Structure formats: structure tokens, C-alpha cells
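# Fold and contact review
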Amino acid sequence: MILCVMATLQESQVLEKLSGVRYPGFSRDIVSFGLVKKILIEEEAVTVQMSLTTGDLKVPQKIKADAEAALQDLARVVSVRIDVHAPAQPVGATGSPAMATTAIAGVKHIIAVASGKGGVGKSTVAANLAVALERSGASVGLCDCDLYGPSIGLMFGTQERPFADSDSGKIQPVEKYGLRLMSMGFLLEDGAPAVLRGPMVTKYTQQFLRQVDWGDLDYLVLDLPPGTGDIQLTIVQTVALSGALIVTTPQEVALIDARKAVSMFHKVNVPVLGLVENMSYFLCPSDGVRYDIFGKGGGQREADRLGVPLLAQIPIEIITREAGDQGLPVTAAAAESEAAAHFVKLAKSLRQGLEKN
Ligand code: ADP
């Protein structure tokens, strides 16, 4: 809530100045991070109230100094007082920004499946992991958070329109192979790409996460878009994630971007549960010779460097690609196959990792 008491100085002018102040260690500003709670303008004095959660006291000091300096530029301001609250909540050592994250009622674990780079198989891993978790007896939801390039509808062979309950205002997810699914693709006409600007992306993502009636779930798997953009930041600020899985190939160009994704989750105190190396190798079906198409050992080296476990090495298999294209993830289409076994193992490692955290 932002209150403006008197209009001598416009609240928008204050906000504009404050949006030039960066949260220490982030490229994002304190306004878009949601730190500014109240602005009081009286005559020529402006008071800005902020709330942030951090274990590092230097962070509020720096924000206070920078915000005061930014507001001093406003000619009519003669006195500036900035109250920075540091609520006594336990946070990680990195001193993350104020995260108004909450759980989703009825959902035990929210797992983000992310990647730095597109095309590394993130959606394939998310879809098969969700199926493998469900096959292990858990209740599972899968939310395709890629507003620009949703692919879960294609992978599960459905473009069913979710039903919106007019009483509760909640959207009922689509049910397929025992999973509850939601995707922006279900809401778009003819799969047309969503053309959205930054603030709308934030709004849609928040609604998307909060307005779906997931019911009781053991796991909600979020298939994130590639990279570290607005959707990812909105997600980590909106819901309390149990952790993130980062999908990469062994190739350096993918690993560089995976590193950025890991760093983003660390900065906002979301545990990185591990790396998944996809397209690790190809075993020739006719002679059993192994080909390391995208290089060898990249995933393990990066996991060691980052101090996170390498949870799986998933080979390139024709059946995995075919099953995905046919709208039936391989873990459901050929549950007894070698390809499915890798995802089943990944699901097991993930569950073990969550128990440890
Ligand atoms: P991303 O979500 O990272 O953009 P996708 O999951 O859409 O990537 O995968 C890109 C393409 O690669 C898809 O055609 C998918 O079927 C294929 N693919 C992904 N992983 C594998 C794999 N392990 N074996 C064979 N094909 C794969």
C-alpha cells in the first residue's frame, strides 16, 4: 500500500527517484523488488518507509544512504527520513531482498525446474520428472510458467481449456496421466505467442500461480522459462520454493548460463537441489558405442565447482524425443524403458535431497 498525503511533491517523482536505487548485489531496483511500503509527503518533507528482510545489516544501511542521496536531488525536498525495517526472520547468509513468499495452501513442495539456456531439455525433464514423481505414488502438479513459449500442452498432448470456477474465481487445472497441469498455452488462442511487457508479465505470473486450484499436492513442479528474467524473479518473490533443479547439457555454452541461473537462486536464498545433465551422451542402439556429442564431464565439473549435487545424467534417446512430440512423456509412454529409468532415478534423488533440506 502506498499513501500520498499531500500533493506538493508528486509520489510518482519520489518513486521515479527510488527506482534508480539498486538492491545491493542485484541489477534490480528497490521499487520493483517491492521494498517501498509507504510514501508520506508533507510540505517539503518526504518520508519513505521500507520493509526488508536481510541477515546483513550493511544492506539496509546502503539502501538508506542511496535512497536519501537519490531523493536529495528533488529540489523541493528539505528533509528526508527513511525507516528501514529489518524484521527478525531467519534468512540465509546471503542477505536476500524482502521476499513476501508464501506457500500455496495444500502444496507440500514447490520445485522449480530451470535452465540458463533454452533447448537443453528443461521442459522434457520437468514433464518426465513430474510423471516419475506421480508414478512413485505422490500427487503431483505441473505448471508451465513459460508465458512466451509454453510447451507442456504439446508434451502432454492436450490443449484442453481449463475451467474457471465462477464462485471461487479459481482456475481448475487440466488432468492428464494422473497429473494436474496448467500452462499459459491452455489460455492462448491457437497457441499464439504471448506479447507481454514487463509489468504485465509480473501480474500474469502472480495470477497464474495464485489463482489455480491445485488442491492437495505433494509436489508442484514449475517449468520455468530459460534465463534469469522477470518471470523467474516474480516466481521467487511470489511463492516459497522448496528448491530448484538446473538443467544443462555438458557443453560449455550451456554451463555458462546454468551458472547464472544457480547464482540467481543463491542470491534469493532458494536452495539449488542439484544440476541435471541432459543430452549427456548417445548410446548407438546398433553397436552400443557411446558418443559424447556435447562433450564429457561438464555437468560433474560444474556441480563440483558450484558445490551442488549432479542428480542425473540423461542420455539423448530417440524414444524420449518421439514420446515428447507425441504428447506422452517417455516416463508414461514406456515406463519400463532405459530412458524412463533415468527420470525415475532423478525423482528418487530429488526426494532424498528434499528430505535432507
Ligand atoms: P527446453 O525446455 O530446454 O527449451 P525441451 O525440453 O523443449 O527444451 O527440449 C528441446 C528438444 O530436445 C525437444 O524436441 C525434446 O524432445 C528434445 N530432447 C530433450 N531432451 C532429450 C533427450 N534426453 N533425448 C532426446 N531428445 C531430447
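Residues numbered from 1 in each chain as written. Predicted model: local features only at pLDDT ≥ 70, side-chain atom pairs only at ≥ 80, totals over all residues. Heavy atoms only, no water.

Moving on, we get to the overall build of the protein. Regarding its fold elements, the protein presents twelve helices and 15 strands. Scored against the burial criterion, the 357 residues of the protein give a buried share of 49%. Of the roughly 16500 Å² of accessible surface on the protein, 52% is carried by carbon and sulfur atoms. (Helix = DSSP H or I, 4+ residues; strand = E, 2+ residues; numbered from the N terminus. Buried < 20%, exposed > 50% of the residue type's maximum accessible area, 1.4 Å probe, protein only. Areas by Shrake-Rupley, 256 points an atom, 1.4 Å probe, with all protein chains shown as cover.)

Before going further, it helps to spend a moment on the packing of aromatic side chains. Enumeration over the complete set of coordinates arrives at one aromatic pair. Arranged with centres 6.1 Å apart and planes meeting at 35 degrees, the rings of F156 and Y177 form a pair that is tilted. Here the residue F156 occupies a position in the loop between α4 (152-155) and β6 (163-164), and Y177 occupies one in the loop between β8 (174-176) and β9 (179-183), the gap between them amounting to 21 residues. Given the relative accessible area of 0%, F156 is considered buried. (Phe/Tyr/Trp six-rings, centres within 6.5 Å; stacked < 30°, edge-to-face > 60°.)

This part covers the site of the ligand. Taken together, 16 residues sit near the ligand, with G119, K122, S123, T124 and N278 positioned nearest. E317 has a polar backbone atom sitting 3.1 Å from a nitrogen atom of the ligand. For the ligand, whose unbound accessible area comes to 560 Å², protein coverage reaches 79%. Looking at the shell around the ligand, the elements that each hand over two or more residues are α3 (122-135) and α10 (318-325). No other element matches the three residues that α3 contributes to the shell around the ligand. Its residues assigned to classes, the shell around the ligand shows six nonpolar, seven polar and three charged. (Near = heavy atom within 4 Å. Polar contact = N/O pair within 3.5 Å; in protein donor to acceptor, adjacent residues only side chain to side chain. Nonpolar A, V, L, I, M, F, W, Y, C, P; charged D, E, K, R; others polar.)

For the rest of this paragraph, the subject is the environment of L179. Looking at the element boundaries, L179 is found in strand β9. Counting along the chain gives 52 residues from L179 to A127, while the straight-line C-alpha distance between them is 10.0 Å. Other than its neighbours up to four places away in sequence, L179 contacts A130, V131, E134, V140, F156 and V174. (Contact = heavy atoms within 4.5 Å.)

The next subject is the nonpolar core. Formed by 82 residues in total, the largest nonpolar core has its most connected members in L222, L241, I246 and F265. The contact partners of L222, leaving out residues within four places of it in the chain, are I110, I111, A112, V113, C143, C145, L209, I235, V239 and L241. Within the second largest apolar cluster, 21 residues are counted, among which are L18, V46, L52 and V59. (Core = buried A, V, L, I, M, F, W, Y, C linked by side-chain atoms within 4.5 Å.)

Attention shifts here to helix α9 (residues 298-306). Listed in full, the buried residues belonging to α9 are G298, G299, E302 and A303. For α9, the buried positions fall inside an angular range of 125 degrees around the axis, keeping them on one side. Summarising the geometry of α9, the exposed residues directed more than 90 degrees from the buried face are R301, D304 and R305. Packed against the buried residues of α9 are α8 (252-267), β12 (272-278) and β15 (310-314). (Arc of directions from axis to C-beta.)

Once that is clear, we can look at the sheet that holds strand β11 (residues 243-248). Spatially, β8-β9-β5-β10-β4-β11-β12-β15 is the arrangement adopted by the eight strands of the open sheet, whose pairing is mixed. Two strands bound the open sheet, and with one partner strand each, they are β8 and β15. Along the sheet, successive strands turn relative to each other by an average axial angle of 25 degrees, direction set aside. One ladder, built from five bridges, connects strand β5 (residues 140-144) with strand β10 (residues 217-223); its direction is parallel. For G141, the partnering residue across the bridge sits in β10 and is L220. (Pairing = 2+ DSSP bridges. Axes fitted to C-alpha atoms, helices over the stretch in contact; angles between N-to-C directions.)

Attention now moves to the side chain of T248. One can find T248 in strand β11. When its relative accessible area of 1% is taken as the criterion, T248 is described as buried. Other than its neighbours up to four places away in sequence, T248 contacts V120, A254, L255, A258, V276, E277 and N278.

This part is about the confidence of the model for the protein. Confidence in the prediction of the protein, expressed as mean pLDDT, is 84, and 85% of residues score 70 or more. In the model of the protein, strand β3 (residues 79-85) stands out as the element of lowest mean pLDDT, 59, in contrast to α3, which has the highest, 97. In the model, residues 1-7 has pLDDT below 50 throughout and makes 19 contacts with residues more than four positions away in sequence or in other chains. Note on residues 86-100: pLDDT is under 50 here. Beyond four places in sequence and across chains, it has 40 contacts. (pLDDT = per-residue confidence, 0-100.)

This part covers the environment of I319. Among the secondary structure elements, I319 is positioned in helix α10. Put simply, I319 and A339 are 20 residues apart on the chain and 7.5 Å apart in space, counted from C-alpha to C-alpha.

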